[in-house]
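# Observations on the model geometry
Each chain, written out:
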Amino acid sequence: QSTLRSQKLSARKHAVALDISNRSMLRILHEHLHFHPYKMIVVQELSPRDFQNQITACEMLLETLPPNALVFFSDEAHFHLSGYVSKQNMCYWNGNNPRELHERPLQSGKVTVWCALSRVGVIGLYFFEEDNHAVTVNSQRYVDMIKHFFEPALEEMHLGNVWFQQDGASAHTARASMTVLRAKFVGRLISLRGDIPWAAHSPDLTPCDFYGNTSRQRFLNIAPQTCFS
């Protein structure tokens, strides 16, 4: 009953409250109650209106897109270069504290990567950088990428008429960007202020979100440099 009333307390605090050993508390939780210490997952906050907008967008896609439509879904992802350490997953069993440290810079460098994904293949990766340094994605850089990277790649694939999807980032929906995209994908632009509107706050509707998170996790699994003090 104590555990059910206060499910967010740690096993150690439950043990103190019940005046039993921490080992006994863990045995009760695992062996008798069959509980598991699930961890909180941080996600983007969504309002009830966002969910309805996502449903509306999906219904419009199903009604508007031809059955054999070829859609390129696009998105950017940010990769931090300093490495990442999850203290929950790293431990050091020893009789003495090794005082192991992980050093990281105050301001972590990062790169911004873009790609477009469809059922026939992937176009990318494209790194937004100048003089080997990462830069912020603005409308000018986005237009340059579309003209000099994405469009030539599409022409090499000889796919004919394709649909293009993008989210509502300001660099994507700026006047210069939309002018170029409307000219290239006449009547086939899925975007905020496009031929088919793309719902705000809906990155989970595009396959790029799944593959982007998978790639990011593989990137973060690179072992960081450590030192002993």
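We now turn to the structure provided with this report. (Residues numbered from 1 in each chain as written. Predicted model: local features only at pLDDT ≥ 70, side-chain atom pairs only at ≥ 80, totals over all residues. Heavy atoms only, no water.)

Relative to strand 4 (residues 121-127), strand 3 (residues 110-118) runs antiparallel, the two being bridged by six bridges. Note on strand 4: the bridge partner recorded for Leu117 is Val122. Counting the residues between successive antiparallel strands, the hairpin from strand 3 to strand 4 contains two residues. (Pairing = 2+ DSSP bridges. Helix = DSSP H or I, 4+ residues; strand = E, 2+ residues; numbered from the N terminus.)

Let us now look at the environment of Gln54. With respect to the secondary-structure elements, Gln54 resides in helix 4 (residues 48-64). Sequence separation between Gln54 and His201 is 147 residues; the distance between their C-alpha atoms is 8.4 Å.

This part is about the packing of helix 5 (residues 139-157) against helix 7 (residues 175-184). Direction vectors running N to C along helix 5 and helix 7 enclose 20 degrees, while the axes themselves pass 9 Å from each other. For the element pair helix 5 / helix 7, the angle class is roughly parallel. Helix 5 and helix 7 meet at a crossing whose hand is right-handed. Counting all contacts with helix 5, which are made through Ser139, Tyr142, Val143, Ile146, Lys147, Glu151, Leu154 and Glu155, the residues of helix 7 involved are Ala176, Ser177, Val180, Leu181 and Lys184. By residue class, the composition of the contact of helix 5 with helix 7 is seven nonpolar, two polar and four charged. (Axes fitted to C-alpha atoms, helices over the stretch in contact; angles between N-to-C directions. Parallel < 35°, antiparallel > 145°, perpendicular 65-115°, else oblique. Left-handed = near helix turned anticlockwise from the far one by under 90°. Contact = heavy atoms within 4.5 Å. Nonpolar A, V, L, I, M, F, W, Y, C, P; charged D, E, K, R; others polar.)

We now examine the packing of helix 2 (residues 11-18) against helix 3 (residues 22-32). Packing of helix 2 against helix 3 leaves a shortest axis separation of 9 Å and a crossing angle of 110 degrees. The angle between helix 2 and helix 3 falls in the class roughly perpendicular. Viewed along their axes, helix 2 and helix 3 form a crossing whose handedness is right-handed. Of the residues in helix 3, those in contact with Ala11, Arg12, His14, Ala15 and Leu18 of helix 2 are Asn22, Met25, Leu26 and Leu29. In terms of residue class, the contact of helix 2 with helix 3 is made up of six nonpolar, two polar and one charged.

Mapped onto the fold, Ser118 is located in strand 3. The spacing of Ser118 and Val162 is 44 residues in sequence and 9.9 Å in space, taken between C-alpha atoms. When sequence neighbours within four positions are dropped, the list of residues in contact with Ser118 reads Leu70, Val71 and Phe72.

Within the secondary structure layout, Ser191 lies in the loop between strand 8 (189-190) and helix 8 (207-220). Owing to a relative accessible area of 0%, Ser191 belongs among the buried residues under this scheme. If we skip the residues at most four places from it in the chain, Ser191 touches Gln166, Asp167, Thr173, Met178, Ile196, Pro197 and Trp198. (Buried < 20%, exposed > 50% of the residue type's maximum accessible area, 1.4 Å probe, protein only.)

Our focus in this paragraph is a nonpolar patch on the surface. A cluster of nonpolar side chains, namely Leu18, Ile20, Ile28 and Leu33, defines an oily patch on the protein surface of about 280 Å² accessible area. For Ile20, a relative accessible area of 32% gives the class partly exposed. (Patch = residues over 30% accessible without salt bridge, like charges linked within 9 Å, V, L, I, M, F, W, Y side chains within 5 Å. Areas by Shrake-Rupley, 256 points an atom, 1.4 Å probe, with all protein chains shown as cover. Salt bridge = Lys/Arg side-chain N within 4 Å of Asp/Glu carboxyl O.)

One broad rule of soluble globular proteins: the nonpolar side chains tend to lie buried together. In terms of nonpolar packing, the biggest core is built from 21 residues, with Phe72, Trp114, Tyr142, Ile146, Phe150 and Phe164 touching the most fellow members. When residues in this core are grouped by element, the largest group, seven residues, is from helix 5. Ile146 has contacts with Glu151, Pro152, Phe164, Val180 and Leu181, leaving out every residue within four places of it along the chain. Ala69, Ile190, Ile196 and Trp198 belong to the second-largest nonpolar core, a separate cluster that totals seven residues. (Core = buried A, V, L, I, M, F, W, Y, C linked by side-chain atoms within 4.5 Å.)

In this section: the packing of aromatic side chains. Any pair of aromatic rings gets described here by the distance separating the centres and the angle formed by the planes. Considering all chains together, one arrives at eight aromatic pairs under this definition. On the numbers, 5.0 Å between centres and 80 degrees between planes, the contact of Tyr126 with Phe128 is edge-to-face. Look at Phe164 and Phe185: their rings are 5.2 Å apart centre to centre, the planes differ by 15 degrees, and that puts the pair in the stacked class. Residue Phe164 is found in strand 7 (residues 163-165), and its partner Phe185 is found in the loop between helix 7 and strand 8; the two are separated by 21 residues along the sequence. (Phe/Tyr/Trp six-rings, centres within 6.5 Å; stacked < 30°, edge-to-face > 60°.)

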